[in-house]
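# Remarks on the overall topology
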Amino acid sequence: FLIENSLVTQSRLILLDSPLIFFTAFTALAWTNFHNQRKYPFSDEWFIWLFLSGLGLGLTGSVKWVGLFTIATIGTSTINQLWLLWGDLKVTPRIWIDHFLARAVCLILVPIIVYMFMFEIHFLLLPNTGDGDGFMSAPFQMTLGYSLQDSPLSVAYGATITIRHQGTQGGYLHSHASNYETGSKQQQVTLYPHKDSNNEWIIQKRDGSIPESLEYVKSGDYVRLMHVPTSKRLHSHDQKAPVTETENHFEVSGYGDKDFAGDANDEWRMEIVGHEGGDKVAGEELRTLRSKFKLVHASMACDLFSHKVKLPKWGFEQQEVTCMRSAAVAKTTWMIESNAYTKYPANVPMVNYKRPGFFRKFLELNKVMWTTNAGLTDSHPYDSRPSSWVWLRRGISFWGKDQKHVYLIGNWFTWYLSTLSIVLYAAIRVLLVVRDKRGYRDNFRGLRDYYELSGGFFFMAWCYHYLPFFLMGRQLFLHHYLPALYFAILLLCVTFDLGLRFIPNRYRLGALVFVSLTAIYVFRTRAPLTYGSEWTRSQCESSKVLRTWDYDCWQFPESYSQYRLETPPENNMVGRIIDPPVVNTDKPHDFLERLWPHKVDTQLKQEVEEKRQQEEKEKEVTSKGSGTSEGSKQQEPIMTGEDDAEEEEGEEGAEGEEDAEGEEDAEGEDAEGEEDTEGEEDTEGEEYAEGEEEDAEGEVDAEGEYTEPEGQLAGEDP
């Protein structure tokens, strides 16, 4: 498992699959040890491993619901054990019941307690509001820091109310000072999941008036709703909805202003369709938190409706509200959540949400998790189907930056061997059954039961963790196969041991070494995708075994020399990156070297500097040997006595002359390695240079005068 690229990649990121596989492996280990204690029932070790198996099941299910497949695996094995005990005449019914109760407590009750305990920890650690509150009901949100003041029970005309949708968790009927970009281009009306002043509406009579005396809203009344911040009224007309363009959906907008009485398209009929508790009056008179109602448009005969369809960015991706004919009642049901009016009497009955307890919150959150998970049906660039997982047809791109890439792909060698072991085990089992029917008994020298039990358990676990995904219509990715891959690799070990059981040990050891080294080699060749380290384009292209492996090799450079070292900024130069020397090396930087970055950087810089000096000397020797320097072309040097001595020293070896030249080059030589013309003395014994001499500090003309290079300020480093 340490050399499986997919498992290593997944473990390096903060994802749920790593703890899921850890607890799955822990559960399998505990259950295997419990099975090995079957000859010592009800002993201390027997109870310990049984309890740890239940603990592992609870932890596995608490990470992801994929842990239910592990529960199914252990459950099937438990049923098989109890069935075999029932057929053992040495086991009395009383002892069998004890076996059943011990397993029921440890494998059913303990996992449930652990699972619920994890949610209690979740509720304690996350007591405040967040972006995901909109998925939960209003009573649940009351436990997350929301404060809702008590509201009067009955709703009167002129009251300022907030209206909450019951069919989805989209939130409140909402409007804001932004218009639709399609249709009538009137003010937007949406569903918004958070408390906001734009959720407030004033309920008016059919003509837009508010009675002087207190008058309560009843079922069947025609009403108008005026948006408090913008003074526009809830409105619908014969215009297509902004997103849902089917024939029975119509646009809902905000229309008019405070001084405009409005028109008939602002009128809605209040129909109470249900109520909570034993308050029968709430079925006839509109009441806060208790009456469930729908708003029917007076002219269009459509119901105020909302669903889980988002508006585009110009609608701030809030939930669409339409007026729909023949709509499902659940999506057209609303409720008054808050209710305020200055004319209410002081002794008016007040209501508020009941704060839910742990069990209610636990059940609601699990229900929301189920519906949300089932709703993940949109396509994704890297999603895949279960039929492609066993063949490793494609992976998942996780990250890419600075010519580095993290891509989840498996070790094809161990991956394909594990798939082959699944096929071989199934074929061998079928063959053994057929041979048993013909009277043959393949005992494998007394080891058949061992291989059938161990291999059968891993094969069953693989089936439970893989085959159910074929029934799912949601988004699926390669990482969903990793728990099944774990059991496939375990089955590979059993198959490998069985296949080499009856050959000499030295050959078994040789086969083990070969398989291990091959797996390590394949892992290492794709390690840059696992660790996000340096790689070249050619190595990337050669690593693709299948054409469907769609990681982009063009993001990698052609050679390692194109990667640059980044020098950490100084304390007084925060945020500045100093251009480092170009790394010129022919080997990749192993990820382990990053543990000692200072040592690596220093060593690389020394190597680069030494190689640069060596190249300068080689270029200098080549230039002098060819005799093509500009100074030598323009004029033959005038030799003096002192020059003759220098010439004799130059004939003793090229190294002496190169060293002298190298010292001059260290003071002034450009990045292209142009060589200085050979120095010479005039008749008075003074040195001068003929031609042009160019280095990183400027130019020196034939008369020895210094000029700055073009495009570079004096004193500025090139």
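Criteria and thresholds
- Residues numbered from 1 in each chain as written.
- Predicted model: local features only at pLDDT ≥ 70, side-chain atom pairs only at ≥ 80, totals over all residues.
- Heavy atoms only, no water.
- Helix = DSSP H or I, 4+ residues; strand = E, 2+ residues; numbered from the N terminus.
- Buried < 20%, exposed > 50% of the residue type's maximum accessible area, 1.4 Å probe, protein only.
- Contact = heavy atoms within 4.5 Å.
- Areas by Shrake-Rupley, 256 points an atom, 1.4 Å probe, with all protein chains shown as cover.
- Axes fitted to C-alpha atoms, helices over the stretch in contact; angles between N-to-C directions.
- Parallel < 35°, antiparallel > 145°, perpendicular 65-115°, else oblique.
- Left-handed = near helix turned anticlockwise from the far one by under 90°.
- Core = buried A, V, L, I, M, F, W, Y, C linked by side-chain atoms within 4.5 Å.
- Polar contact = N/O pair within 3.5 Å; in protein donor to acceptor, adjacent residues only side chain to side chain.
- Expected span 1.5 Å × (residues − 1).
- Disulfide = S-S within 2.5 Å.
- Patch = residues over 30% accessible without salt bridge, like charges linked within 9 Å, V, L, I, M, F, W, Y side chains within 5 Å.
- Salt bridge = Lys/Arg side-chain N within 4 Å of Asp/Glu carboxyl O.
- Nonpolar A, V, L, I, M, F, W, Y, C, P; charged D, E, K, R; others polar.
- pLDDT = per-residue confidence, 0-100.

## Here we look at the overall build of the protein chain
The helix and strand tally for the protein chain stands at 18 helices and 21 strands. Here the protein chain, with 718 residues, has 42% of them falling under the buried criterion. Of the contacts formed within the protein chain by residues at least 6 apart in sequence, a portion of 67% connects residues at least 24 apart. Of the roughly 40000 Å² that the protein chain leaves accessible, carbon and sulfur atoms contribute 57%.

## Examining the packing of helix α9 (residues 412–437) against helix α11 (residues 482–499)
One way to put it is that α9 packs onto α11 with a least axis distance of 8 Å and a crossing angle of 70 degrees. One element, α9, and the other, α11, form an angle in the roughly perpendicular class. Considering how the two elements wind past one another, α9 and α11 form a crossing that is left-handed. Along the contact surface, α9 presents Thr 414, Trp 415, Leu 417, Ser 418, Ser 421, Ile 422, Leu 424 and Tyr 425, while α11 presents Leu 482, Leu 485, Ala 488, Ile 489, Leu 491, Leu 492 and Thr 495.

## Structural notes on the environment of Tyr 531
Position of Tyr 531 among the secondary structure elements: in helix α13 (residues 527–531). Residue Tyr 531 is classed as buried on the basis of its relative accessible area, which comes to 17%. Considered as a pair, Tyr 531 and Arg 12 are 519 residues apart in the sequence and their alpha carbons are 8.1 Å apart.

## Quick word on the nonpolar core
Core analysis: the largest hydrophobic core is formed by 64 residues, its most contacted members being Leu 50, Trp 462, Tyr 481, Phe 487 and Tyr 551. Those elements giving two or more residues to this core turn out to be α2 (17–36), α3 (44–63), α4 (67–87), α5 (93–125), β16 (404–408), α9, α10 (448–466) and α11. Looking at this core, the element that brings in the most residues is α11, giving eleven residues. Sequence-distant contacts of Trp 462, that is, excluding residues within four places in its chain, are made with Val 390, Ile 422, Tyr 481, Ala 484, Phe 487 and Ala 488. If you look at the next biggest cluster of nonpolar residues, it comprises 35 residues, including Ala 156, Ile 272, Ile 336 and Tyr 344.

## Considering the environment of Val 243
Here Val 243 lies in the loop between β7 (233–240) and β8 (249–255). With a relative accessible area of 32%, Val 243 lands in the partly exposed category. For Val 243 and Leu 311, which are 68 residues apart along the polypeptide, the C-alpha to C-alpha distance reads 6.6 Å. Contacts of Val 243, omitting those with residues within four sequence positions, involve Val 309, Lys 310, Leu 311, Pro 312 and Glu 320.

## Things to note about the side chain of Glu 337
The residue Glu 337 is located in strand β13 (residues 334–340) in this model. At a separation of 2.5 Å, a polar atom in the side chain of Glu 337 contacts the side chain of Tyr 172. Engagement of the side chain of Glu 337 in a polar contact is seen with the side chain of Lys 195, the distance being 3.0 Å. Here Glu 337 is in contact with Ala 138, Leu 148, Ser 151, Thr 162, Arg 164, Tyr 172, Lys 195, Thr 288, Leu 289 and Tyr 353, once residues within four sequence places are set aside.

## Section: α9
Side chains three or four residues apart in an α-helix point the same way, a direct result of the helix having 3.6 residues per turn. In this model, α9 (26 residues) spans 38 Å end to end at C-alpha, consistent with the 38 Å of a helix rising 1.5 Å per residue. Among the residues of α9, Phe 413, Thr 414, Trp 415, Ser 418, Thr 419, Ser 421, Ile 422, Tyr 425 and Leu 432 are the ones counted as buried. Buried-residue contacts for α9 involve α1 (5–11), α8 (386–389), α10, α11 and α12 (505–525).

## Observations regarding the state of the cysteines
In total, this model carries two disulfides according to the counting rule given. Disulfide partner of Cys 302: Cys 323, at an S-S distance of 1.9 Å. Taking the sign of the S-S torsion, about 100 degrees here, the bridge from Cys 302 to Cys 323 comes out right-handed. Within this pair, whereas Cys 302 is found in the loop between β10 (291–297) and β11 (303–310), its partner Cys 323 is found in strand β12 (residues 319–324), the two being separated by 21 residues in sequence. Note on cysteine connectivity: Cys 540 is disulfide-linked to Cys 553, with sulfurs 2.0 Å apart. Disulfide Cys 540 to Cys 553: torsion about the S-S bond roughly -75 degrees, handedness left-handed. On the criterion of sequence distance, the pair formed by Cys 540 in helix α14 (residues 537–542) and Cys 553 in the loop between α14 and α15 (597–626) is long-range, its members being 13 residues apart. Both residues of the pair, Cys 540 and Cys 553, count as buried. Taken in sequence order, the bonded cysteines of the protein chain link in the pattern 1-2, 3-4.

## Notes on a nonpolar patch on the surface
Nonpolar side chains collect at one region of the surface, where Phe 117, Met 118, Ile 121, Leu 125 and Leu 126 lie side by side and expose about 480 Å² of accessible area between them. We classify Leu 126 as partly exposed; its relative accessible area is 49%.

## Observations concerning the packing of α3 against α5
Between two packed helices, both the angle of their axes relative to each other and the distance between the axes serve to describe the pair. For the pair α3 and α5, the least separation of the axes is 8 Å and the interaxial angle reads 35 degrees. In this structure, α3 meets α5 at a crossing whose hand is right-handed. Taking contact as the criterion, the partners of Trp 46, Phe 47, Leu 50, Phe 51, Ser 53, Gly 54, Leu 55, Leu 57, Gly 58, Leu 59, Gly 61 and Ser 62 in α3 are, on α5, His 99, Ala 102, Arg 103, Cys 106, Leu 107, Val 110, Pro 111, Val 114, Tyr 115 and Met 118. Considering only residue class, the contact of α3 with α5 consists of 15 nonpolar, six polar and one charged.

## Some details on the confidence of the model for the protein chain
Of all residues in the protein chain, 80% have pLDDT values of 70 or greater, and the mean over the chain is 80. At the low end of the mean pLDDT range in the protein chain sits strand β18 (residues 687–688), at 37; at the high end sits α3, at 96. In the predicted structure, residues 566–601 sits below a pLDDT of 50 and forms 37 contacts with residues beyond four places in sequence or in another chain. Contacts of residues 627–718 to residues separated by more than four positions or lying in other chains number 90 contacts, the stretch itself having pLDDT below 50.

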